[in-house]
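Structural characterization, general
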Amino acid sequence: MAKIFPFRAYRYSPRAGDPGRLVTQPYDKITPEMQERYFSLSAYNLAHVIRGRSGPADTAADNVYTRAARYLEDWIASGILVQDSQPSLFAYFQKFQVEAPTGPVTHLRKGLIALGAVEDYSEGSVYRHELTHSGPKRDRLELLRHTRAHFGQLFLVYDDPKLEMDGWLDLAAENDPITCVNDEYGAEHTLWPISSPDVVATMQRLLAPRKLLIADGHHRYETALAFRNEHPNLPGARMVMMTLVNMRSPGLVILPTHRVVGNLAGFDSAGMLREAGAFFQVEELASLEALEDRLRRTRPEQIVLGGVFRGDRRFFAFVTDNPERRLDVAVLHEVLLGRVLGLSEEAVRDEKNIRYLRGFHEAARQIQQPGTQAVFFLNPVRIEQVADVAFSGGVMPQKSTDFYPKLLSGLTIYRIED
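Here goes a summary of the coordinates provided. (Residues numbered from 1 in each chain as written. Predicted model: local features only at pLDDT ≥ 70, side-chain atom pairs only at ≥ 80, totals over all residues. Heavy atoms only, no water.)

1. As for the pattern of salt bridges
Evaluation of the coordinates by the stated rule reveals 29 salt bridges. The salt bridge involving D402 is made with R358; its shortest N-O contact spans 2.6 Å. Highlighted residues: D402 in strand β20 (residues 402-404) and R358 in the loop between β18 (354-357) and α12 (360-365), separated in sequence by 44 residues. Residues participating in the shared-partner salt-bridge network are D58, D62, R67 and R70. (Salt bridge = Lys/Arg side-chain N within 4 Å of Asp/Glu carboxyl O. Helix = DSSP H or I, 4+ residues; strand = E, 2+ residues; numbered from the N terminus.)

2. A closer look at the environment of L285
By secondary structure assignment, the location of L285 is in strand β15 (residues 281-285). Between the C-alpha atoms of L285 and Y185, which are 100 residues apart in sequence, the distance is 32 Å. Every residue in contact with L285, bar those within four places of it in the chain, is listed here: A290, L291, R294, F315, F316 and A317. (Contact = heavy atoms within 4.5 Å.)

3. Some thoughts on the environment of E284
Mapped onto the elements, E284 comes out in strand β15. For the pair E284 and W192, spaced 92 residues apart in the sequence, the C-alpha separation amounts to 51 Å.

4. Section: the packing of helix α8 (residues 269-276) against helix α10 (residues 328-340)
It is the contact of α8 with α10, at a shortest axis distance of 11 Å, that shows an interaxial angle of 130°. As far as their axial angle goes, α10 and α8 are oblique. By crossing handedness, the relation of α8 to α10 is classed as right-handed. For the pair α8 and α10, contact is made by M272, E275 and A276 and by L336, R339 and V340, respectively. Its residues assigned to classes, the contact of α8 with α10 shows four nonpolar, no polar and two charged. (Axes fitted to C-alpha atoms, helices over the stretch in contact; angles between N-to-C directions. Parallel < 35°, antiparallel > 145°, perpendicular 65-115°, else oblique. Left-handed = near helix turned anticlockwise from the far one by under 90°. Nonpolar A, V, L, I, M, F, W, Y, C, P; charged D, E, K, R; others polar.)

In short, shape yes, function no, at least from these values alone.
In structure tokens:
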């Protein structure tokens, strides 16, 4: 059963200033350049807490984690962050645009912010679709130990074919919002509280029979699990803040994440193309636009992967039948990256010879960068495919999904209290 709860969120007060200068992208999406910009926007920007600067003078008593805890305590004490007077759920809508062949298309994704029960995967309520790595979990666990707070929501999806929850969210959105901000990518984020005990109970009842699938936030969910296990007598540690979205929602968009490969010893594009011919029909396209169109025209029973190579002005599509409905990204990793190029799972996991980029044309431009030898293009995975893998107990290759846009951190904060 999916167990959700309202909570008394901490939120930025008017004293903190413009919310658009305070909230951030999730911690793992904050580049050094973004970090500097966030720091310059406001002394109260959440990046000071979730992505603080470390330095050579750091000590056990003064480091990025202890400073984060001091920021949180100081902001609460000075009224920069204020706790809501009553427990609430929150309707969280994101309005955004995605490029399409005919031009930008506007989408609206409707989510519900709530506390969710932290449960082991074996209990059959929460499912993952990715494996996690120890480094990010160590970092987030240290931050959680020092601050005892969750600053961004995990992103989970559930299946509601009748769109019942969406109807209740629409009702909440008829009121005046408490927050509305635009992020650096042009997405609009709007928040409404849901405090009526009757409405909260209805939402809890509607979600109770649903399975929950982690879309984004695997590392933070497993960090919450670890913290719960460290503090078995702390009731608040048994919950984590999450945004729940119906997987049937037309606003649920998954973008492809393309692969940029480089610095491989003995890389030979001609030899790679010959070897790939044993697994794929290799089609040569006239232009990058033609390759993009070929990917778009992939039939359900096909896999089509795109590729461009250093020193070769041609554009290629790697095509194969797919009667078993395998994931494009799994075939790319197993066949082209593994068997043909000889990239080990460890090299892929540690990103030794591979980088991941969202935009098709941005990825294509990387072929001109020093060290880049190949760029491989993918179609986006469908949410049904993600669910099939996760609910059957499987996992997908690293960076298989890019749920867009990301959930902003700092809209609501859940502080674990004794």
